[in-house]
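# Structural description and commentary
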Amino acid sequence: MATLLLDDGTLATDLNEITRELDTLGIYLKHYEPGTSLLFPNLLGQDILTDAEKCYILELHSSVFEFLQQENGYLWCDLLSIHPGSPHLQTAIATYSRYHTHSAPEPLYVLAGEMLFGFVRADGVQIQLLLQAQDYLVIPPGVEHWSSPTASLYCKGVRYFTTAEGWLPTYTGTQLSDSSNKP
């Protein structure tokens, strides 16, 4: 279940409270119980997955994708698989751990592990969101944010796309606040 760290150090764990805060930015968050990861728990524990295993996970997840595709116009999805031995891990962290925006929505459904996101509110205050298994997040185009795996360097999730170039970051130059203690 997601946790929100506010700028004053307060932690919010109530989903209604978190969604009220994120609504001000147009960000959508939902937690699915029990979620689809129950369909493939043995695969989610593996660091390295073959292409066939990734396809299998996406096929089992396809009923959710079809619903989301119809609702949001997603054209395809892929499996995000982060682990300590991930190729190009440091490059990916460096790319997305600075404040940026996207020209398309950035939806992510976390199957296992954790991801951190930071956001800048309209008043300039920075907040952080910890996503965990079964959390589904949609960041609309133009919302200033960063993302990073947690210190565990472990996350498996399904990313949804409307365009390939829409996920390319446009850096904003906003500096992380001193209270942003990400890995």
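Whatever comes next refers back to the structure up there.
Fair warning: this is a prediction, and the values are worked out from it, not measured in the lab. (Residues numbered from 1 in each chain as written. Predicted model: local features only at pLDDT ≥ 70, side-chain atom pairs only at ≥ 80, totals over all residues. Heavy atoms only, no water.)

### Details of the pattern of salt bridges
Just so we agree on the cut-off: Here a salt bridge means any side-chain nitrogen of Lys or Arg lying within 4 Å of a carboxyl oxygen belonging to Asp or Glu. Put simply, DSSP marks the helices as runs of H or I at least four residues long and the strands as runs of E at least two long, and each gets a number from the N terminus on. Relative accessibility thresholds used throughout: buried, under 20% of the residue-type maximum; exposed, over 50%; partly exposed, between the two (1.4 Å probe, protein chains only).
For the structure on display, the rule yields three salt bridges. A salt bridge links Glu-21 to Arg-121, with the shortest nitrogen-to-oxygen separation between them at 3.0 Å. Of this pair, Glu-21 sits in helix H1 (residues 15-23) while Arg-121 sits in the loop between strand S6 (106-120) and strand S7 (126-132); the two residues are 100 residues apart in sequence, bridging distant segments of the chain. Its relative accessible area of 19% is what places Glu-21 among the buried residues. The shortest N-O distance in the salt bridge between Asp-123 and Arg-121 comes to 2.8 Å.

### Topic: the pairing of S7
This is how it is decided: Here, a strand pair is defined by DSSP locating no fewer than two bridges between the strands.
Burial within S7 is extensive, with six of its seven residues counted as buried. Direction of pairing for strand S1 (residues 3-5) relative to S7: antiparallel, over a ladder of three bridges. Bridge pairing in S7 places Leu-4 opposite Leu-129. As defined by bridge partners, S6 adjoins S7 across seven bridges and the pair is classed as antiparallel. Pairing of Phe-119 across the sheet is with Ile-127, part of S7.

### Focus on the environment of Gly-45
With respect to the helices and strands, the residue Gly-45 is situated in the loop between helix H2 (41-44) and helix H3 (51-60). Of the residues examined, Gly-45 reaches a relative accessible area of 59% and is grouped as exposed. Residues Gly-45 and Val-138, spaced 93 residues apart in sequence, show a C-alpha to C-alpha distance of 25 Å.

### Overview of H1
The condition is simple: Here the arc refers to the directions that run from the helix axis out to each C-beta atom. A contact between two residues is defined here by any heavy atoms of the two lying within 4.5 Å.
Among the residues of H1, Ile-18, Thr-19, Glu-21 and Leu-22 are the ones counted as buried. Taken down its axis, H1 places every buried residue within 160° of arc, on the same side. In H1, those exposed residues whose orientation departs by more than 90 degrees from the buried face are Asn-16, Arg-20 and Asp-23. In this structure, the buried residues of H1 make contact with S1, strand S2 (11-12), strand S3 (28-31), S6 and S7.

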